[in-house]
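Topology and contacts: notes
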Amino acid sequence: KDMLKKSLFSFFLFTSLFAAWDEEQLVRRMRAHLLIDDPKSAIRDAEGYLDVYSESQILKVAYIEALAAAGREEKAVSTFEAWSNDFTDEADKRQAMEAIGWGILGKASESSQYSIRLSSIVGAFLTHDVRAVKLLLNMMRDSNAILRSVAVQLACQMRDGPLQKEIVRLFEQE
């Protein structure tokens, strides 16, 4: 009986929170989880939010972003495919696909296989996106000398401040 009361209380508390918040606030909350590198919480929140706002495109995109950030790119792709006809806004569709792409590149950069990691830094570099900076920085600190060398060569073409500082540090240290 106490469990039922707690469950009902949680349900009403959860739904009353949603009533007070609009979809954009919920997406901001999910993205805050992603910003602090907590994709599991973002996924958990998204699944709850989508129970209430099942037709929300921005929540669907944020859910796909959270899945990709968590390294669950296969689930992100299958979810995107299931919802692809629901996206009426091409910008939302593009944002979801981009999140999946970056999720794949991020997971590839952590692979134990040298060739996969090499492909990920080249792929990230070719995007000319600011998100490539973090990936290149990590590869410039990799234990593999070839990967470090390629990352430095690519970073030289990007001219971002953090990359330039890391290049200087590497030249002084190595």
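Residues numbered from 1 in each chain as written. Predicted model: local features only at pLDDT ≥ 70, side-chain atom pairs only at ≥ 80, totals over all residues. Heavy atoms only, no water.

Digging into the environment of L50
Tracing the backbone shows L50 in helix α3 (residues 39-52). For L50, a relative accessible area of 12% gives the class buried. Note: C-alpha distance between L50 and E23 (27 residues apart in sequence) is 9.9 Å. Setting aside residues up to four positions removed in sequence, L50 forms contacts with S56, L59, K60, Y63 and W83. (Helix = DSSP H or I, 4+ residues; strand = E, 2+ residues; numbered from the N terminus. Buried < 20%, exposed > 50% of the residue type's maximum accessible area, 1.4 Å probe, protein only. Contact = heavy atoms within 4.5 Å.)

A short note on helix α10 (residues 161-173)
Over its 13 residues, α10 runs 18 Å from end to end, which matches the ideal 18 Å to within 8%, given 1.5 Å per residue. Residues of α10 that are buried include every one of L163, E166, I167 and L170, and no others. Buried residues of α10 fall within an arc of 105 degrees about the axis and therefore sit on the same side. Counted as exposed and oriented over 90 degrees from the buried face of α10: K165 and E172. (Expected span 1.5 Å × (residues − 1). Arc of directions from axis to C-beta.)

Describing the nonpolar core
Residues M30, L59, Y63, I64, F80, W83 and F87 are the most contacted members of the largest nonpolar core, which totals 22 residues. Put simply, the parts of the chain that give this core at least two residues each are α2 (23-35), α3, α4 (57-69), α5 (73-83) and α6 (90-109). If you tally residues by element for this core, the top one is α4, at 7 residues. If near-sequence neighbours (up to four positions away) are discounted, F87 is found in contact with Q57, K60, V61, I64, F80, D92 and K93. Among the nonpolar cores identified, the runner-up in size contains 21 residues, and A124, A151, V152 and A155 belong to it. (Core = buried A, V, L, I, M, F, W, Y, C linked by side-chain atoms within 4.5 Å.)

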